[in-house]
Amino acid sequence: MRWSYAGLTGIRLSYDDSPSPAVTASLLRLRDRLHTKYPKGLTDCVLGYRTLTLFFDPAALSRETLLAAIEALDDDLDAMSDFRQDSGQAVELPVWYAEESGQDLPAVAERSGLSVDAVIALHSSISYTAYATGFAPGFCYLGEVSEQLEMPRLRTPRRAVPPGSVAIADRQTAVYPSLSPGGWHLLGRCPLSLFDLEKSPPGLITVGDQVSFRPISRDEFLSLGGTL
Amino acid sequence: MTGLRVVKTGLLATVQDLGRIGYLGHGVTTGGALDAFSLRCANRLLGNADNLAGIEIALTGLTLMATCNLQLALCGAPATLLINGEQQFMDQALYVPSGSTITIGRTLTSTYSYLAVKGGISTPPVLGSRSTVVREGIGGLDGQALKAGDLLPVADLIDPTTGSAPKHLWRRQLHGKTDPQNGILRLRFVPGLHYDDVTQNCRDTLCAQSFTISGAANRMAVPLNGNPIDTGLTKLWSEATCLGSIQIPPDGQPLVLLNDRQTMGGYPQLGVIISLDRVRLGQARAGQQVQLEAMTLAAAEQVVWLHEHYEETHLKALDRLGGTAP
């Protein structure tokens, strides 16, 4: 693991390994231990695919103290050989996969040389790791999508993607929590609210979770509170 | 409900406090006054806590009507302030009776002015802050910028100051410090993030030229135009962005990330501009020349510490004036 400055009040830790559930688990473990140790001093801890950026309040925690704690924990982490997923929870999201709810479904099928049903089966057969949250509140980058469904982003992003849209790009998948622009391929829609300001934490998915998708019918989508 | 009725808006006016802290990991950005010191000054003049919400007014002004008796102060970028058509000084606490029209004109220099009211603007807090982030639809009034007809809740003054004439409490101008010296605005930064991963040549191109602030600057980022920076880094995995990061997108034109930035980015970031220079950049206008300058962590800490001390001294002086109408 390497570290670098992220301004006067931030430290960025990074792994050179490719992103993987093991890397994420390791970063989460580090984050949780540091956060337990310095609940006031650390103001924000943000996981990327293979980075952990720590922001601290210099009045409550010095950079030297934080770096020393990181070094001590890093040795511990390296000594731990099992990369068991211990912080993530399993989240199952119902998805109505259809052209009506995911307008790129036919194009994705054509491009991957699969039937629409096979695309749905492939996308919903994998349990994905939530690697990072960003782009918009509650927007979680989930990976990895089957190689057969790998495709580049749209050349021209859409101006408005409806909330709950389930989409893929490269080897990632995600659910758009709110109405926003977007350049990913839309496969369907989830009726659940992905980001609720009244809840703590506000996001339905948090980094480290294992997320799976369950195909549902249009009727079930509507009965679960989905809107067209 | 009483408060400030929005009569006419300009380019952009939003409710801001000192920002939303602790939710970057959920994808929720900081937001908050781009020039926090100016908002704090306005609050202190009124005897308010620093973090009470005020209105950030960008460039082209704002017209409001008071539906209750209130006290207000305008700080930050210099602009004409009219109460019922009569010109008033900025940087002072003013008593404004119910029914008054408050007109803030176009800024004369710099970009952002801050209007605070005694007791603060009490729109509902979201995740611990009233700051508006329009892109996220969070904070302020329904997550939106101010528009004509909006009513911003403000509590009626319990004990209105006697008389309706504005009281000149304090006339000293604070805005001069946002003006750059020698025509070029220095942007000092602490190298970090991906700085170790780029060539010396790339670092040289970053600091050996002056850039021009683009007209596309907003609360998310200030784009800088100049000779393109080639980081040689192509595919990066998304990671946290920082307030004040120098981010290099594929076109090589740097972006300095500000308060409403997206919390994650996939482009290289070469360092973080120190807070005081970031605020000056945020206040600067399109066309302004800037120069990036790498500095050591120790030097940066010293400059920032001195500046914060200077600000605190100023604020303490305002405390003695705050809320004490003659």
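All of these numbers come straight from a predicted model, not from anything done at the bench.

About the cut-offs
Residues numbered from 1 in each chain as written. Chains lettered and ligands numbered in written order. Predicted model: local features only at pLDDT ≥ 70, side-chain atom pairs only at ≥ 80, totals over all residues. Helix = DSSP H or I, 4+ residues; strand = E, 2+ residues; numbered from the N terminus. Rg over C-alpha atoms; globule rule 2.2 N^0.38 Å. Buried ≥ 20, exposed ≤ 12 C-beta atoms within 10 Å, placed from the backbone. Contact = placed C-beta atoms within 7 Å. Domains from an automatic or database assignment. Nonpolar A, V, L, I, M, F, W, Y, C, P; charged D, E, K, R; others polar. Pairing = 2+ DSSP bridges. Axes fitted to C-alpha atoms, helices over the stretch in contact; angles between N-to-C directions. Core = buried A, V, L, I, M, F, W, Y, C linked by C-beta atoms within 7 Å.

Asker: Just to check I follow, could you spell out the overall build of chain B for this structure?
Answerer: Counting its regular elements, chain B contains 4 helices and 20 strands. Computed over its C-alpha atoms, the radius of gyration of chain B comes to 20 Å, within 12% of the 20 Å expected for a compact globule of 326 residues. Referenced to the eigenvectors of the C-alpha coordinate spread, the extents of chain B come out at roughly 65 × 40 × 30 Å. When each of the 326 residues of chain B is scored for burial, the buried share is 52%. Counting contacts in chain B only where the partners sit at least 6 residues apart, residues at least 24 apart contribute 77% of the total.

Asker: Just to check I follow, could you spell out the environment of Val256 of chain B for this structure?
Answerer: All names here are of chain B. With respect to the helices and strands, Val256 occurs in strand β17 (residues 255-257). Put simply, Val256 and Ala240 are 16 residues apart on the chain and 14 Å apart in space, counted from C-alpha to C-alpha. If we ignore the near neighbours within four places in the chain, the residues touching Val256 are Ala221, Val222, Leu224, Gly244, Ile246, Ile273 and Leu281.

Asker: Just to check I follow, could you spell out the domain arrangement of chain A for this structure?
Answerer: One frequent convention defines the size of an interface as the accessible area lost when the parts assemble. Residues and elements named next belong to chain A. Segmentation of chain A into domains returns domain 1 (2-79) and domain 2 (90-223). Each of domain 1 and domain 2 has a C-alpha centre, and these two points are 29 Å apart. Facing the 8 residues of domain 1 at the interface are 5 residues of domain 2. For the side of domain 1 that touches domain 2, the leading source of residues is helix α1 (residues 21-37), giving 4 residues. For the side of domain 1 that touches domain 2, the residue count by class is 6 nonpolar, 2 polar and no charged.

Asker: Help me understand the interface of chain A and chain B in this model?
Answerer: Chain A puts 31 residues into the contact, and the matching count from chain B is 32 residues. Elements represented by at least two residues in the side of chain A that touches chain B include exactly β1 (2-5), β2 (10-14), β3 (42-47), β4 (51-56) and β6 (128-133) of chain A. For the side of chain A that touches chain B, the element with the most residues is β3 of chain A, which contributes 4 residues. Looking at the side of chain A that touches chain B residue by residue, the classes come out as 16 nonpolar, 12 polar and 3 charged.

Asker: Explain the sheet that holds strand β19 (residues 269-273) of chain B here, please?
Answerer: Within a beta sheet, neighbouring strands are joined by backbone hydrogen bonds and run either parallel or antiparallel to one another. All names here are of chain B. On the basis of which strands lie adjacent, the closed barrel formed by 7 strands has the order β12-β19-β16-β17-β14-β13-β20 and mixed pairing. Across this sheet, the average inter-strand angle for adjacent strands is 40°, counted without regard to direction. Note: strand β16 (residues 245-247) against β19, 2 bridges, orientation antiparallel. Within β19, the position partnered with Ser245 by the bridge is Val272. Against the sheet, helix α3 (residues 275-283) makes contact with β12 (184-191), β14 (221-225), β17, β19 and β20 (289-294), and its axis sits at roughly 140° relative to β12, the strand it touches most.

Asker: Would you mind showing me how to read the sheet that holds β1 of chain A here?
Answerer: All names here are of chain A. Read across the open sheet, the 4 strands follow the order β1-β2-β4-β3; overall the sheet is antiparallel. Of all the strands in the sheet, just β1 and β3 have a single pairing partner and so form its edges. Each neighbouring strand pair of the sheet contributes to a mean axis angle of 20°, computed without reference to strand direction. Both β1 and β2 contribute to a ladder of 4 bridges, which runs antiparallel. Residue Trp3 lies in a different strand from β2, and its bridge partner there is Leu13. Lying on the sheet, α1 is in contact with β3 and β4; it crosses β3 at an angle near 175°.

Asker: Even after reading the chapter, I still don't get the domain arrangement of chain B, so can you show me in this structure?
Answerer: Residues and elements named next belong to chain B. Taken domain by domain, chain B holds domain 1 (3-171) and domain 2 (184-295). Between the C-alpha centres of domain 1 and domain 2 there is a distance of 30 Å. Counting residues at the interface gives 16 residues for domain 1 and 14 residues for domain 2. For the side of domain 1 that touches domain 2, the per-class residue count stands at 6 nonpolar, 8 polar and 2 charged.

Asker: Any chance you could explain the nonpolar core here in plain terms?
Answerer: Among soluble globular proteins, nonpolar side chains are generally buried collectively. Counting 153 residues, the largest nonpolar core has Ala42, Ala73, Ala116 and Val256 of chain B as the members making the most contacts within it. Those residues in contact with Ala73 of chain B, other than ones at most four positions away along the chain, are Ala42, Leu45, Leu46, Gln92, Ala93, Leu94 and Ala116 of chain B.

Asker: Can you help me understand the pairing of strand β4 (residues 62-66) of chain B in this one?
Answerer: The side chains of a regular strand alternate between both faces of the sheet. Residues and elements named next belong to chain B. Side chains Leu62, Leu64 and Ala66 of β4 all project onto a buried face; the interleaved residues Thr63 and Met65 project onto a face where none is buried. Examined bridge by bridge, strand β1 (residues 3-9) and β4 share 5 bridges and lie antiparallel to one another. Bridging from a neighbouring strand, Arg5 pairs with Met65 of β4.

Asker: Would you take a moment to explain the pairing of strand β10 (residues 112-117) of chain B for this structure?
Answerer: Residue and element names in this part refer to chain B. Among the 6 residues in β10, 6 count as buried, and that is most of the element. Of the two faces of β10, both are covered, the one formed by Tyr112, Tyr114 and Ala116 as well as the one formed by Ser113, Leu115 and Val117. With 4 bridges connecting them, strand β3 (residues 54-58) and β10 associate as antiparallel partners. Paired with Glu56 across the two strands is Tyr114, which belongs to β10. Note: strand β5 (residues 70-76) against β10, 5 bridges, orientation antiparallel. Looking at β10, one finds that Leu74 is bridged to Leu115.

Asker: I would appreciate a short explanation of unusual backbone geometry in the present structure.
Answerer: Glycine aside, the phi torsion of most residues is negative, and most peptide linkages are trans. Residues and elements named next belong to chain A. Backbone torsion omega between Gly143 and Glu144 reads -5°, so that peptide bond is classified as cis. Its place among the elements puts Glu144 in the loop between β7 (140-143) and β8 (158-161). Note the cis peptide between Ser200 and Pro201, where omega equals 0°. Relative to the helices and strands, Pro201 is located in the loop between β12 (185-189) and β13 (210-215).

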